[in-house]
Amino acid sequence: MMEPILDISGLNLSFTTYGKRTQVLHDVSLRVGKGERVALIGQSGSGKTVTMRAIIGTLPIPPAKIEGGVIQFEGRDLLQMAKVERNRLKGTGISIIMQDPLLSFNPVLTIGRQMDDIVRYADVRLGSKRNSGLRKATILDTLQKVRLPDGAQIYDAYPMMLSGGMRQRVLIAMALLNKPRLLIADEPGTALDVTTQKEILKLLNQLVKEENLSLLLITHNLGVVREISDRVYVMENGHIVEEATRKDIFEQPRHAYTKKLMTSVLPLYGKRVRNFENNRQSDPKIEIQGVTKEFRGKVSFFSKKYRVVRAVDNVNLQIENGDIFGIAGESGSGKTTLAKMLLALHSPTDGQIKIDGRPLSNFSNSREFRRLIQIVYQNPGSSLNPKRTVTQALTVPLKFCGYDSTQIKSRISELLDMVDLPKSYASMYPHELSGGQKQRVAIARALSVNPKILVLDEPTSALDVLIQNTVIELLLRLREELNLTYVFISHDLSLMRNFCNRVAIMFRGQICEQGETREIFTDPQHAYTRALLSSIPVISEQEEQQKPKVTDAERQAVLASSTALK
Amino acid sequence: MAFYLAKRTLSLLLVLFGLAILIFIIARIVPGDPARIALGPLATANQVLEMRHEMGLDKPFIVQLWDYLSGLFRGDLGKSFLTSRPVMQDIVGALPATFELVLFTIILQITISIPLGVIAAIYRDTWVDNISRVISLIGVVTPGFVLAIILQLVASYKFQFFPVTGRLDAGIDYEATYTGLLIIDSLIDGRWDVLGDALRHIILPSIALAAAGIGQVMRITRSSMIEVSGRDFIEASRAYGIPERVVRFRYMLRIACVAPLTILGLEFASLIGNAFIVEFVFSWPGIASYGVRTILEKDLNAVIGVVLVSGVFFVVANLTIDIILGFIDPRNRLREGAEK
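Analysis parameters
- Residues numbered from 1 in each chain as written.
- Chains lettered and ligands numbered in written order.
- Predicted model: local features only at pLDDT ≥ 70, side-chain atom pairs only at ≥ 80, totals over all residues.
- Heavy atoms only, no water.
- Helix = DSSP H or I, 4+ residues; strand = E, 2+ residues; numbered from the N terminus.
- Expected span 1.5 Å × (residues − 1).
- Buried < 20%, exposed > 50% of the residue type's maximum accessible area, 1.4 Å probe, protein only.
- Arc of directions from axis to C-beta.
- Contact = heavy atoms within 4.5 Å.
- Lys, Arg positive; Asp, Glu negative; His and termini not counted.
- Salt bridge = Lys/Arg side-chain N within 4 Å of Asp/Glu carboxyl O.
- Polar contact = N/O pair within 3.5 Å; in protein donor to acceptor, adjacent residues only side chain to side chain.
- Pairing = 2+ DSSP bridges.
- Axes fitted to C-alpha atoms, helices over the stretch in contact; angles between N-to-C directions.
- Buried area = accessible area lost by both parts, 1.4 Å probe.
- Nonpolar A, V, L, I, M, F, W, Y, C, P; charged D, E, K, R; others polar.
- Core = buried A, V, L, I, M, F, W, Y, C linked by side-chain atoms within 4.5 Å.
- Disulfide = S-S within 2.5 Å.
- Phe/Tyr/Trp six-rings, centres within 6.5 Å; stacked < 30°, edge-to-face > 60°.
- Lys NZ or Arg CZ within 6 Å of the ring centre and 35° of its normal.

Another point: helix 6 (residues 127–141) of chain B. Residues and elements named next belong to chain B. Between its terminal C-alpha atoms helix 6 stretches 21 Å, which fits the 21 Å expected from 15 residues at 1.5 Å a residue. Within the sequence span of helix 6, burial applies to Asp 129, Ser 132, Ser 136 and Gly 139. Buried residues of helix 6 fall within an arc of 85° about the axis and therefore sit on the same side. Opposite its buried face, helix 6 presents the exposed residues Trp 127, Leu 137 and Val 141, each directed more than 90 degrees away. Of the surrounding secondary structure, the elements contacted by the buried residues of helix 6 are helix 5 (87–122) and helix 9 (192–229).

Here the focus is the side chain of Arg 167 of chain A. Residue and element names in this part refer to chain A. Inspection of the secondary structure assignment puts Arg 167 in helix 6 (residues 164–176). The buried charged residue Arg 167 lacks any salt bridge, with Asp 100 as its nearest oppositely charged partner at 7.2 Å. A polar atom in the side chain of Arg 167 sits 3.2 Å from the backbone oxygen of Pro 159. Engagement of the side chain of Arg 167 in a polar contact is seen with the backbone oxygen of Leu 162, the distance being 3.2 Å. Once residues lying within four places of it in the same chain are set aside, the contact partners of Arg 167 are Pro 101, Leu 102, Phe 105, Pro 159, Met 160 and Leu 162.

Before going further, it helps to spend a moment on the sheet that holds strand 3 (residues 37–41) of chain A. Residues and elements named next belong to chain A. Spatially, 6-7-8-3-9-10 is the arrangement adopted by the 6 strands of the open sheet, whose pairing is mixed. Every other strand in the sheet has two partners, leaving strand 6 (94–97) and strand 10 (239–245) as the edge strands with one partner each. Across the sheet, the mean angle from the axis of one strand to that of its neighbour is 20°, orientation sign disregarded.

For the rest of this paragraph, the subject is helix 10 (residues 256–264) of chain A. All names here are of chain A. Of all the residues in helix 10, the buried ones are Tyr 257, Thr 258, Leu 261, Met 262 and Ser 264. End-on, the buried residues of helix 10 take up no more than an arc of 170°, which puts them together on one face. Turned more than 90 degrees away from the buried face of helix 10 sit Ala 256 and Thr 263, all of them exposed. Residues of helix 10 that are buried sit in contact with strand 3, helix 8 (222–228), strand 9 (231–236), strand 10, helix 9 (246–251) and helix 17 (465–482).

Right, let's talk about the interface of chain A and chain B for a bit. Taken together, the 35 residues of chain A in the interface contact 26 residues of chain B. Together, the buried faces of chain A and chain B total about 2700 Å²; carbon and sulfur atoms form 64% of this surface. The largest contributions to the chain A side of the interface with chain B come from Met 98, Val 108 and Tyr 121 of chain A, which together make up 22% of the buried area. The interface formed by chain A and chain B contains 2 salt bridges. Of the charged contacts in the structure, one is a salt bridge between Arg 250 of chain B and Asp 117 of chain A, with a shortest N-O distance of 2.8 Å. On inspection of chain A and its partner chain B, the count reaches 9 residue pairs in polar contact (both at pLDDT 80 or more). Of all elements in the fold, only helix 1 (48–56), strand 6, helix 3 (111–126) and helix 6 of chain A reach the threshold of two or more residues within the side of chain A that touches chain B. A per-element tally of the side of chain A that touches chain B places helix 3 of chain A first, with 7 residues. Of the residues in the side of chain A that touches chain B, the class split is 21 nonpolar, 6 polar and 8 charged.

What follows is about the sheet that holds strand 5 (residues 76–77) of chain A. Residue and element names in this part refer to chain A. Pairing is antiparallel across the open sheet formed by 4 strands, whose spatial order is 2-1-4-5. Among the strands making up the open sheet, the edge pair consists of strand 2 (20–33) and strand 5. Sheet topology note: the strand 1 (residues 4–17)/strand 2 ladder contains 10 bridges and is antiparallel. Counted as the bridge partner of Leu 13 is Leu 25 from strand 2. Contacts between helix 1 and the sheet are confined to strand 1, strand 2 and strand 4 (64–73), with strand 1 contributing the most and set at about 115° to the helix.

The next subject is the side chain of Thr 258 of chain A. Within the secondary structure layout, Thr 258 of chain A lies in helix 10. Discounting residues that sit within four places of it in the chain, Thr 258 of chain A has contacts with Val 234, Glu 242, Ile 249 and Pro 253 of chain A.

Now for the pattern of salt bridges. Overall, the coordinates contain 42 salt bridges over all chains when judged by the stated rule. In this structure, Arg 479 of chain A and Glu 480 of chain A form a salt bridge, with 3.3 Å as the shortest nitrogen-oxygen distance. A relative accessible area of 10% places Arg 479 of chain A in the buried class. Measuring nitrogen to oxygen at the nearest pair gives 3.9 Å for the salt bridge that ties Arg 219 of chain B to Asp 129 of chain B. Of this pair, Arg 219 of chain B sits in helix 9 while Asp 129 of chain B sits in helix 6, and the two are 90 residues apart along the sequence. Among the residues examined, Arg 219 of chain B registers a relative accessible area of 21% and is labelled partly exposed. Within this structure, Asp 116, Asp 117, Arg 120 and Arg 135 of chain A together with Arg 250 of chain B form a network of salt bridges that share partners.

What follows covers the pairing of strand 16 (residues 373–376) of chain A. Residues and elements named next belong to chain A. Here strand 16 shows a buried face lined by Ile 373 and Ile 375 and a second buried face lined by Gln 374 and Val 376. Two elements, strand 16 and strand 17 (residues 453–457), share 4 bridges in a ladder whose sense is parallel. Its bridge partner lying in strand 17, Val 376 is registered against Leu 456.

Another aspect to go through is the nonpolar core. All names here are of chain A. One finds Leu 6, Met 115, Val 170, Ile 172, Ile 184 and Leu 216 to be the most contacted residues of the largest nonpolar core, which totals 113 residues. No other element matches helix 6, which puts 8 residues into this core. Within the second largest apolar cluster, 60 residues are counted, among which are Phe 276, Cys 512, Ala 531 and Ile 536.

In a disulfide, the sulfur atoms of two cysteines are held together by a covalent bond. Taken as a whole and judged by the stated rule, the model has 0 disulfides over all chains. Cys 500 of chain A takes part in no disulfide bond, and the closest cysteine sulfur to it belongs to Cys 512 of chain A, at a distance of 16 Å.

With that out of the way, let us pick up the packing of aromatic side chains. With the rule as written, the count across this model stands at 7 aromatic pairs over all chains. Both rings, one in Phe 488 of chain A and one in Phe 499 of chain A, keep their centres 5.0 Å apart while their planes meet at 75°; by these two values the pair is edge-to-face. With Phe 488 of chain A in strand 18 (residues 485–490) and Phe 499 of chain A in helix 18 (residues 493–499), this residue pair connects regions lying 11 residues apart in the sequence. In terms of burial, Phe 488 of chain A and Phe 499 of chain A fall into one category: buried. With centroids separated by 5.8 Å and ring planes inclined at 35°, the aromatic side chains of Phe 99 of chain B and Phe 313 of chain B adopt a geometry described as tilted. One end of the pair, Phe 99 of chain B, is in helix 5; the other, Phe 313 of chain B, is in helix 14 (residues 300–328), with 214 residues separating them in the sequence. Under the relative-accessibility criterion, Phe 99 of chain B is labelled partly exposed at 34%. Members of the aromatic cluster, joined through ring pairs, are Tyr 486, Phe 488 and Phe 499 of chain A. Over the aromatic face of Phe 159 of chain B sits the side chain of Lys 158 of chain B, whose NZ or CZ is 5.8 Å from the ring centroid.

Encoded structure:
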């Protein structure tokens, strides 16, 4: 085994809140060799973020308390080190790439100012000094390394002026500024679209080689692990349960938890794929005919000019009874706008939408319309009012339908039954429920008025993979029992492959391709669909082989650049 | 930035114009004939008619409004019945004292409440935080005039640290000629005795005025500091080894001070309201004492003038805060300005 740069052994850590002590890490041991790429995987709450914070030294102590163990960095114990020494290593010995490119910048300072501070105070800690010109040269040089050619402009920009992909690159540059030896990456690229994520992972791999770095990757995404690690640690409830090389962990996982994680990843290709079929008869529930939506924003207060953004551009779709119709696309592709038009929350600029055979404009009685079509939102944490109990949340739509109080009571227990929640949950508040349970309540709320169509806006993307699958099972069962039609809006194509019978791919407001799910995935025609599918991280070599091929020229033609300024 | 400023100033002028019209209409709706009120119950009907003519009350409403607005434009607010001088002259005479008091109060509020809020946030849930919570609560629940009287009784009467009333001791011979603000003018003239005396006079009324705002702004500073401290970019700055002092003051406070500053701007209205009472208690020769007297006497022209001036105070204070916020948070001006 190669010489370790980071060697954690027997780390025990606890949190004390309101006098109650909870042990979060149990005897965690982990090694990262020089030049090695190591991944630490686990679900949210497994303790991987706490481990990361213990290494970089940003744990709040108290409430956190390190109860024992050693964290050796280049042979010296970080926990025994004097504070000054430890601070000296921050950013220069060990550095971190933050997870969320949208939240990890100070919004009120320019990029250059933030980067300059990082360089300047590292100098202060090391007792050296560079003038501002030299510091700026270092910054521009580092921006060059992450393939951002417009360094000078980025230097003067505020974070809000850059795209998500560019911000992620700048975040990487920030971590590299002081030439660290160990780089910790917290869920790199997972907040981005898959096509951008792919570029970021490629960049990270290149940088590790070029800069001679060691990498510790913290993630829950097994597809990412496969692309960017040599060795893998699996963490469950604060215990390291398995350690193996990348090859072994994917081909022969030993621990039950690892196996469970592996099977919970939905396959894109191969035998495990579930083909969902719907016997389509011509009984259209939703017809979208030539629908366009334009948003107009005044260029300025005094000017008469408008800036027109065509969010949805001449879309034609027919959704039959019993379909699970997937509308896929990356952020900004117009899929959410389309969903809002289905719910009559936006009206189309042009074209017509028919629901259940009747044009939207015909539903003068909105009560009737709301009973026909309902929505389940992405994040149950924010779509449920935190100050209202489950019963209160469910009562609103039922009252709207004219139920009296005894009917409401029996209907609520019926609904909770439907979504597999115990009746005792009726009096609970959202914060007492887990993410999956909250989403079940949101589904129950949508079903309360007996709709025929449900619009599902990323219904599982805020949930952990294991929970995600149970919610999907529930949705499949409900569709069967209640004869529902689903419109499924998502950017998660693996999920779509296993859940939808038809998909439409949206690209810059237009439907670039639609058809049977199996056909789209096995034989995509449009270059964008191919670029999209080929970017999805998968967990086996066989699947990797079956992804559609796309040339670099095609990629560049259809994908937004994450390196150049808008 | 220039565009942002221009836009803000324009909206300020619009607000003031609207305010002027509104006050005029209200003053005309108030029951009672202004001429009768001015002359008193003993005047004859003929005298009232004459007075109405002199005041222009016999003209159609729209003409009155026009006269009033065009007068406003020339800086003419009409005549006060109480003092028989132009209202403008009365106000200009009383304004500096009020301006000095309010300005001093605001500076007191900012310099006390924001640092205390930051300290409370840093040492949150310790005794430091608890004490600051008690202080802010007392500040918020004690009405300004009660505090004013208590301060007078204790600090002035019992211990005689500070003078009880007024702006300067009677024995001091000094005329503020540059800005009308005693503190600034005495600095310019190098009259240290005047400066000291003016400060001793202003300290009690401004504490009485500032207390409520200090309590509130302190709590808001604390909670927004705590909110910002949980953001990702703060953890990032710490992980990159930026010193705690810099993280707190450059990275956190800069964002966290947006909410308290906005509140200070809004609080300004109640500050002016309180200033009326506090000035009265301390016999401060400002616009408030004048305002109270004219309101009680239903001296309408003067009342309009006083209300307009407080309106200008409020609007200008908020404009200033908007400009400061524009510098602090670039998103404000980028959203409204930079787009072409």
